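Below are the chains, spelled out letter by letter.
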Amino acid sequence: MNLKVVAATPFDDQKPGTSGLRKKVAVFQSAGYLENFVQAIFDTIFDNAAAPSGSTLVLGGDGRYYNREAIQIILRMAAANGVAKVLVGQGGILSTPAASCVIRKYRTCGGIILSASHNPGGPEGDFGIKYNTGNGGPAPEKITDAIYAASRSLSRYRIIDAAGVALDRIGSYTLGGMSVEVIDPVADYADLMESLFDFAAIRDLIGGGFRLCFDAMHAVTGPYAKEILERRIGAPAGSVINGVPLPDFGQGHPDPNLTYAHELVAIMYGAAAPDFGAASDGDGDRNMILGRGFFVTPSDSLAVIAANAALAPGYADGIAGIARSMPTSAAADRVAEKLGVPCFETPTGWKFFGNLMDAGKVTFCGEESFGTGSSHVREKDGLWAVLFWLNILARRRLPVEEILHRHWAEFGRNIYSRHDYEALPAVVAAGVMAQVKGQFATLPGSSFGDYRVKFCDDFSYTDPIDGSLSSGQGLRIGFDDGSRIVFRLSGTGTEGATLRIYLEAFEADPARHRVDAQQALAALIRIADEVSQLRPRTGRAEPTVIT
Ligand code: VG1
Ligand code: CO
């Protein structure tokens, strides 16, 4: 084996964000950049030494530009660092939930996932990398902090000289002393889905003329959706649109929301709309659920899934609990209360759910950012949520909209919206946050029209399992009537800063459940504007994206 130990100058900008390290493609292509971060992962998980004998890793990504090149580099570095075996998805492809599934199924010591999720791809776009631990989930902060520290102090990285592995052919190869198994990226994941949901009932629903449209947005879920939705449950060919993964996602922005999934939105709000629509993001962990002319907020989707859990065979025995990120609406809390199970409130980012799931304390987890999932893997899972909805629809035989109205009639409605202000200068965004925080001492007790401020805080979280503290997780302003405004800066962007404002109000009266969310939240939106001096500080008249 031609082992090379290459002298490296460390980088100081490799701090993982909400979900791994994300930078422009050109940054990752610069000399030694990817290598430095990968070596920092190996130095952290293998304690500066070579990998313990027999160590196996999983490797794959969302197929975006630079995916293949990065995979070849990481394989040669894994061989140089003493890894025994790498399972890599054919073509370098593994959706994030499928990678989690494979890590768990084959009990590997973790995996490396290449993705910048919903961020645009292509030579001018973004690239990303993250390490998932042996439980299949994103590394917790303790580990990402150690990787960051290692990335700043490395003096060398290890790589072997070797020809590239034939990623497109399923089979076993050797690279240096390491074995590489190129695996079918879909099969293990599709089998897991089939074990959780009532495919026969869904096939029957579709046989009865129920129509669906799934938009893979030219990202990683195309092959997964075609196998599961078209082949295994029998949706007609063409039910999956934009199903071929492309390195630049067809110039699109693979973020499944009302703004970026406009093709699907036009279909679902059009005259010939099918019964059910869904979309997924770049790496397959997010989902958007639509009925005919109807949008299900991700917070509501989590609550509906929890309330209907028993309809899916994989959850028929009941659930242990629910966890949601702090900015996610409290709709799921109401379901948890009724079911008599605990509901946990965590900081934003799936890594905070891992300990709770490993300890058996929660079954379902969700984020307002179109992320839903369960303990079947340790990532959020887009197609899982889609199948859960299809399973519910197959059993209840009601339109999506009717399911929501009945849900709200039973639990009340948490009216919800998120306003994003993207690509702000970092100082401006920081100024808005400082402006809000600066009023925390005086706001409680003060009134804005009918709204009286009950509390304000900067959310912090102590992990109930390992006791670790995460602070600075978002500024909350809570009102007497239970409504709430949250201000938070994104940790996934690569250009300037993104400010997110989360708005929530509760409506118990079914006569008012059909209101438009933006109208119902108008007063809160004005208060958010006023408290943060949003307009004068940002010069923006409206948000970049409303979800
Ligand atoms: C966003 C979402 C967060 C999600 C994260 C990763 O983070 O708000 O809920 O976990 O993306 O999702 P931020 O810091 O930009 O708000 V994904 O699909 O990129 O893995
Ligand atoms: Co994603």
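None of these values were measured; they are calculated from a predicted model.

Enquirer: It is not clear to me how the overall build of the protein chain should be interpreted in this structure. Could you clarify?
Expert: Scanning the protein chain from terminus to terminus reveals 18 helices and 27 strands. Taken against the 2.2 N^0.38 rule, which gives 24 Å for 547 residues, the C-alpha radius of gyration of the protein chain at 23 Å falls within 12% of a compact globule. Within the protein chain, the proportion of its 547 residues that are buried is 60%. Of the contacts made within the protein chain by residues no fewer than 6 positions apart, 72% connect residues no fewer than 24 positions apart. Surface summary for the protein chain: the accessible area is close to 19,700 Å², and the carbon and sulfur share equals 50%. Taking the 51 positively charged and 60 negatively charged side chains of the protein chain as two groups, their mean positions are separated by 2 Å.

Enquirer: Help me understand the domain arrangement of the protein chain, please; the structure alone is not making it clear to me.
Expert: When the parts come together, some accessible area is lost, and that loss is often what is quoted as the size of the interface. The domain boundaries assigned to the protein chain delineate domain 1 (3-185), domain 2 (189-411) and domain 3 (413-546). Taken together, the contact between domain 2 and domain 3 spans 30 residues of the former and 25 residues of the latter. When the buried surface of domain 2 facing domain 3 is broken down by residue, Met 326, Asn 355 and Trp 408 rank first, second and third, together holding 24% of it. In this structure, Glu 368 engages Arg 418 in a salt bridge whose closest nitrogen and oxygen atoms are separated by 3.0 Å. Inspection of the domain 2/domain 3 interface yields 13 residue pairs in polar contact (both at pLDDT 80 or more). Mapped onto the side of domain 2 that touches domain 3, the elements with two or more residues apiece are α10 (298-307), α11 (331-339), β16 (343-346), α12 (354-358) and α14 (400-411). Counting residues per element, the side of domain 2 that touches domain 3 draws most heavily on α14, which supplies five residues. Its residues assigned to classes, the side of domain 2 that touches domain 3 shows 13 nonpolar, eleven polar and six charged.

Enquirer: Just to check I follow, could you spell out the coordination of the cobalt ion (ligand 2) for this structure?
Expert: Six octahedral donors at a metal ideally form angles of 90 or 180 degrees, and four tetrahedral donors ideally form angles of 109.5 degrees. For the cobalt ion (ligand 2), the full set of protein donor atoms is Ser 117 (OG), Asp 281 (OD), Asp 283 (OD) and Asp 285 (OD), at a range of 2.0 to 2.1 Å. All donor residues of the cobalt ion (ligand 2) come from one chain, and their arrangement in sequence is S-x163-D-x1-D-x1-D. Highlighted residues: Ser 117 in the loop between β5 (111-114) and β6 (126-132) and Asp 285 in the loop between β12 (276-280) and β13 (287-291), separated in sequence by 168 residues. For the residue pair Ser 117 and Asp 285, the accessibility class agrees, reading buried in each case.

Enquirer: Would you mind going over the pattern of salt bridges with me for this structure?
Expert: Pairing of side chains with opposite charge becomes possible as their charged atoms draw close. Applying the stated rule across the entire model yields 36 salt bridges. The salt bridge involving Asp 13 is made with Lys 23; its shortest N-O contact spans 4.0 Å. Here the residue Asp 13 occupies a position in the loop between β1 (2-7) and β2 (21-24), and Lys 23 occupies one in strand β2, the gap between them amounting to ten residues. Using a relative accessible area of 31% as the deciding quantity, one classes Asp 13 as partly exposed. The partly exposed category is assigned to Lys 23, whose relative accessible area is 22%. The partner of Arg 378 in a salt bridge is Asp 358, and the shortest N-O contact between them spans 2.7 Å. One end of the pair, Arg 378, is in the loop between β18 (371-374) and α13 (382-396); the other, Asp 358, is in helix α12, with 20 residues separating them in the sequence.

Enquirer: Got a minute to help me understand the side chain of Asp 283 in this structure?
Expert: Summarising the element assignment, Asp 283 is placed in the loop between β12 and β13. Among buried Asp, Glu, Lys and Arg side chains, Asp 283 stands out as unpaired, with Arg 22 the closest opposite charge at 5.5 Å. Looking at Asp 283, its side chain comes within polar contact range of the side chain of Thr 96, at 2.6 Å. A polar atom in the side chain of Asp 283 sits 3.1 Å from the side chain of Ser 117.

Enquirer: I keep staring at the site of ligand 1 and nothing clicks. Help me out?
Expert: Neighbouring residues of ligand 1: 19 residues in total, closest Thr 18, Ser 117, Ser 369, Thr 492 and Arg 500. In this structure, an oxygen atom belonging to ligand 1 sits 2.7 Å away from a side-chain N or O atom of Arg 286. Here Ser 490 contributes a side-chain N or O atom positioned 2.6 Å from an oxygen atom of ligand 1. Its residues assigned to classes, the shell around ligand 1 comprises no nonpolar, ten polar and nine charged.

Enquirer: Mind showing me how you'd approach α11 here?
Expert: Residue pairs three or four apart in sequence face the same way in an α-helix, which turns once every 3.6 residues. Of the residues making up α11, those classed as buried are Ala 331, Ala 332, Val 335 and Ala 336. Across the axial projection of α11, the buried residues extend over an arc of 135 degrees, all falling on one side. Residues Glu 337 and Lys 338 are exposed on α11 and point more than 90 degrees away from its buried face. Check the buried side of α11 and you find it contacts α10, β15 (322-325), β16, α14 and β19 (413-424). Looking one or two places after α11, you find Gly 340, whose phi comes out positive at around 75 degrees.

Enquirer: So what exactly am I meant to see when it comes to the packing of aromatic side chains here?
Expert: Two aromatic rings, taken as a pair, are described by how far apart their centres are and by the angle between their planes. Using the criterion set out here, one finds 19 aromatic pairs in the structure. Residues Tyr 451 and Phe 479 carry aromatic rings whose centres are separated by 5.6 Å and whose planes lie at 75 degrees to one another, so their mutual orientation is edge-to-face. Of this pair, Tyr 451 sits in strand β21 (residues 451-458) while Phe 479 sits in strand β24 (residues 475-479); the two residues are 28 residues apart in sequence, bridging distant segments of the chain. Judged by relative accessible area, which is 3%, Phe 479 ranks as buried. One aromatic cluster is present, formed by Phe 11, Phe 28, Tyr 33, Tyr 66 and Phe 127 through successive ring pairs.

Enquirer: How should I be thinking about the sheet that holds strand β8 (residues 171-175) in this particular structure?
Expert: Whether parallel or antiparallel, the strands of a sheet pair through hydrogen bonds between backbone atoms. Here seven strands make up an open sheet; going across it, the order is β2-β6-β5-β3-β4-β9-β8 and the pairing mixed. Of all the strands in the sheet, the pair left with one neighbour each is β2 and β8. Geometrically, the sheet is characterised by an average inter-axis angle of 20 degrees between neighbouring strands, direction not taken into account. The sheet contact formed by strand β4 (residues 85-93) and strand β9 (residues 178-183) spans five bridges and is parallel. Note on β9: the bridge partner recorded for Lys 85 is Ser 179. Of the strands in this sheet, β3 (56-61), β4, β5, β6, β8 and β9 touch helix α3 (residues 67-80), which is tilted by about 170 degrees from β4.

Conventions we followed
Residues numbered from 1 in each chain as written. Chains lettered and ligands numbered in written order. Predicted model: local features only at pLDDT ≥ 70, side-chain atom pairs only at ≥ 80, totals over all residues. Heavy atoms only, no water. Helix = DSSP H or I, 4+ residues; strand = E, 2+ residues; numbered from the N terminus. Rg over C-alpha atoms; globule rule 2.2 N^0.38 Å. Buried < 20%, exposed > 50% of the residue type's maximum accessible area, 1.4 Å probe, protein only. Contact = heavy atoms within 4.5 Å. Areas by Shrake-Rupley, 256 points an atom, 1.4 Å probe, with all protein chains shown as cover. Lys, Arg positive; Asp, Glu negative; His and termini not counted. Charge placed at Lys NZ, Arg CZ, Asp CG, Glu CD. Domains from an automatic or database assignment. Buried area = accessible area lost by both parts, 1.4 Å probe. Salt bridge = Lys/Arg side-chain N within 4 Å of Asp/Glu carboxyl O. Polar contact = N/O pair within 3.5 Å; in protein donor to acceptor, adjacent residues only side chain to side chain. Nonpolar A, V, L, I, M, F, W, Y, C, P; charged D, E, K, R; others polar. Donors = N, O, S within 2.8 Å, 3.2 Å for Na, K, Ca; no water. Near = heavy atom within 4 Å. Arc of directions from axis to C-beta. Phe/Tyr/Trp six-rings, centres within 6.5 Å; stacked < 30°, edge-to-face > 60°. Pairing = 2+ DSSP bridges. Axes fitted to C-alpha atoms, helices over the stretch in contact; angles between N-to-C directions.

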